[in-house]
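# A closer look at the structure
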Amino acid sequence: MSEKIATRVAYGKALAELGEQYPDLVVLDADLSGSTQSAFFAKAFPERFYNMGIAEANMTGVAAGLAACGKKPFTNTFAMFAAGRAYEQVRNSVAYPRLNVKIVGSHGGLSVGEDGATHQCIEDYALMRSIPNMMVVSPCDGPEMRLAVKALLDYDGPAYMRLGRLAVDSITDEVPGYTFQLGKGSLLRDGSDVTVIATGMMVQMAYAAAQKLAEEGISVRVIDMHTIKPLDGEIVLKAALETRCIVTSEEHSVINGLGSAVAEFVAEHCPVPVVRHGVNDQFGRSGEAKAVLEAYGLTTNGIIEKVRQALKLKK
């Protein structure tokens, strides 16, 4: 693994780098540009940056208007406010008319740490994937985030993307044959005994879990599901048919996130055991990020336990 960078930082730098190439790109922020890293774009293109203040619902409505006029708006705030506070505006003003607005939620998941339960958004995938027309994206590292920003600029339609607060290891740039495409999962490691499908920062943990389990002779396939909606049914079906059991891993509630999406698909197309790894129907707690993740089992060892559970169900 090479560069260690937070996906929010990679996002901010990518916006600024692509600003010249996309003159219709405009960026809106709810007075959090230092945290969301949209400040990079604000510095490079101040005439195309709008600080909307602590008014997320209004920011979303303004972005809808800009999109209706042909612009490519990206709105920025914490995931809790992007998906939660502005839900009605995202649903009715952006997704319903299918406007080209990208809703970007930073500081998603429990790894926000000390900010506590009120800011640890573990429901954003669930909220956004339930809205018709809405794409849901959660890149795992810096290199993948840069590719995702470019892909979203070329994608005409509403999308939600989650950013992380913590610096994470870069992994995708070192995987031979890695490719990125919206709506398509990326195979990071092949395996025949069990498949782990992960998203966001859990991808790195899934990869590490696969390496540890290989020492025991357990062959683990690892899929980076950076696009949660639309789900890549083709790669999921192949995994179900070939490995006959699946573990999903996400820094999100196990209710209605990636795990639910995979389980729904598998139940209809190729019923095999699906074990969900995530936050079990509870709120987070305040604490240092690593300690919080460990308290909720969002670790490499947590994934290994779920793999063992899936293999028992397979038998």
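Criteria and thresholds
- Residues numbered from 1 in each chain as written.
- Predicted model: local features only at pLDDT ≥ 70, side-chain atom pairs only at ≥ 80, totals over all residues.
- Heavy atoms only, no water.
- Helix = DSSP H or I, 4+ residues; strand = E, 2+ residues; numbered from the N terminus.
- Core = buried A, V, L, I, M, F, W, Y, C linked by side-chain atoms within 4.5 Å.
- Buried < 20%, exposed > 50% of the residue type's maximum accessible area, 1.4 Å probe, protein only.
- Contact = heavy atoms within 4.5 Å.
- Pairing = 2+ DSSP bridges.
- Axes fitted to C-alpha atoms, helices over the stretch in contact; angles between N-to-C directions.
- 1 Å grid on protein atoms, 1.4 Å probe; cavity = no way out; pocket = protein on both sides within 12 Å on 5 of 7 lines; lining within 4 Å.
- Points joined across faces, edges and corners; volume = space filled by probe spheres on them.
- Expected span 1.5 Å × (residues − 1).
- Arc of directions from axis to C-beta.

Take the environment of asparagine 280 next. Position of asparagine 280 among the secondary structure elements: in the loop between β14 (274-279) and α12 (289-295). For the pair asparagine 280 and serine 253, spaced 27 residues apart in the sequence, the C-alpha separation amounts to 6.0 Å.

Further remarks concern the nonpolar core. Core analysis: the largest hydrophobic core is formed by 66 residues, its most contacted members being Tyr11, Val149, Met161 and Val194. Per-element tally for this core: the top contributor is helix α9 (residues 202-214), with eight residues. Among the nonpolar cores identified, the runner-up in size contains 26 residues, and Leu28, Ala82, Ala86 and Ile228 belong to it.

Here we come to the environment of lysine 4. Mapped onto the secondary structure, lysine 4 falls in strand β1 (residues 4-6). Once the C-alpha coordinates of lysine 4 and aspartate 124 are considered, the two residues, 120 residues apart in sequence, prove to be 25 Å apart. Those residues in contact with lysine 4 that sit more than four places away from it in its chain are Ala167, Val168 and Asp169.

Here we take up unusual backbone geometry. Here the bond from lysine 229 into proline 230 is cis, since omega is 0°, no more than 30 degrees from zero. Topologically, proline 230 is positioned in the loop between β12 (227-229) and α10 (233-243). For histidine 107, which is not glycine, the phi torsion reads 60° and is therefore positive. Turning to its location among the elements, histidine 107 is positioned in the loop between β5 (102-106) and α7 (124-129). A positive phi angle is found at asparagine 133, which is not glycine, with a value near 75°. Checked against the element boundaries, asparagine 133 lands in the loop between α7 and β6 (135-137). With relative accessibility at 38%, the residue asparagine 133 sits in the partly exposed group.

The sheet built from five strands is open, its strands ordered β9-β11-β10-β13-β14 with mixed pairing. Whereas interior strands pair on both sides, the edge strands pair on one side only; in this sheet they are β9 (186-189) and β14. Strand-to-strand twist across the sheet, computed as the mean angle between neighbouring axes with direction ignored, equals 25°. Two elements, β9 and strand β11 (residues 220-224), share three bridges in a ladder whose sense is antiparallel. Residue pairing in the sheet places arginine 189 in a bridge with valine 222 of β11. Sitting on the sheet, helix α11 (residues 258-269) is in contact with β10 (194-198), β13 (246-253) and β14, with an inclination near 145° to β13.

Sizing a probe to match a water molecule and rolling it over the atoms shows the empty space that remains. Counting across every chain of the model gives one cavity of 30 Å³ or more. Estimates place the volume of the largest cavity at around 130 Å³. Lining of the largest cavity is provided by 15 residues; of these, Thr7, Leu163, Gly164, Met201 and Glu251 occupy positions nearest its centre.

Here helix α4 (residues 56-68) contains 13 residues, and its C-alpha end-to-end distance of 18 Å stays within 8% of the 18 Å for a straight helix at 1.5 Å per residue. Among all positions in α4, only Glu56, Met59, Thr60, Ala63, Ala64, Leu66 and Ala67 are buried. When α4 is viewed along its axis, its buried side chains cluster within an angular range of 165° and face the same direction. Looking at the buried residues of α4, the elements they touch are β2 (25-29), β4 (72-78), α5 (79-85), α6 (87-95) and β5.

So yeah, pure geometry; function would need other evidence.
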